[in-house]
Amino acid sequence: VGSRFPEMVHPVLAGFYFLRFLCPAIVAPDVYNIVPGPPPLHARRTLMLLSKVLQQLANGVVFGSKETYMLFLNKLLSDKREDMLKFLDVLS
């Protein structure tokens, strides 16, 4: 990807790593044998929200009108964007 589409390295890597690998393990840790059993519903909801925040950060997108209850996190997403890009550089 880097040699053919250098501007797409971060999005492709973020999509693969977070969407296909890390976020599913966060949302369903029992499926990946990270915890012995399914987390309680309130914990699963928290894990889902954490996954959403990580995915937004990885994609370089802030929350919008679709998820207004998450708008308060937009400053954090903006502040941590450079850290995410550095992480993706290290990961690649």
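Residues numbered from 1 in each chain as written. Predicted model: local features only at pLDDT ≥ 70, side-chain atom pairs only at ≥ 80, totals over all residues. Heavy atoms only, no water.

## Brief notes about the pattern of salt bridges
Line of reasoning, step 1. This model, assessed by the stated rule, comprises four salt bridges.
Line of reasoning, step 2. One salt bridge connects glutamate 67 with lysine 52, and the closest N-O pair in it is separated by 2.3 Å. Of this pair, glutamate 67 sits in the loop between helix H2 (41-59) and helix H3 (74-79) while lysine 52 sits in helix H2, and the two are 15 residues apart along the sequence.
Line of reasoning, step 3. Residue classification places lysine 52 among the partly exposed residues on the basis of a relative accessible area of 25%.
Line of reasoning, step 4. For aspartate 83, the salt bridge identified is with lysine 80, shortest N-O distance 3.7 Å.
Line of reasoning, step 5. Relative accessible area serves as the criterion here: at 38%, lysine 80 is assigned to the partly exposed category. (Salt bridge = Lys/Arg side-chain N within 4 Å of Asp/Glu carboxyl O. Helix = DSSP H or I, 4+ residues; strand = E, 2+ residues; numbered from the N terminus. Buried < 20%, exposed > 50% of the residue type's maximum accessible area, 1.4 Å probe, protein only.)

## Description of the side chain of asparagine 74
Line of reasoning, step 1. With respect to the helices and strands, the residue asparagine 74 is situated in helix H3.
Line of reasoning, step 2. Here asparagine 74 is in contact with Val62 and Phe63, once residues within four sequence places are set aside. (Contact = heavy atoms within 4.5 Å.)

## Here's the deal with the packing of helix H1 (residues 9-27) against H2
Line of reasoning, step 1. Across the interface, H1 lies against H2 with an axial gap of 9 Å and an inter-helix angle of 170°. With respect to each other, H1 and H2 are oriented roughly antiparallel. Together, Ala14, Phe18, Leu19, Leu22, Cys23, Ile26 and Val27 of H1 and Arg44, Leu47, Met48, Leu50, Ser51, Leu54, Gln55 and Ala58 of H2 make up the contact between the two elements.
Line of reasoning, step 2. Broken down by class, the residue content of the contact of H1 with H2 amounts to 12 nonpolar, two polar and one charged. (Axes fitted to C-alpha atoms, helices over the stretch in contact; angles between N-to-C directions. Parallel < 35°, antiparallel > 145°, perpendicular 65-115°, else oblique. Nonpolar A, V, L, I, M, F, W, Y, C, P; charged D, E, K, R; others polar.)

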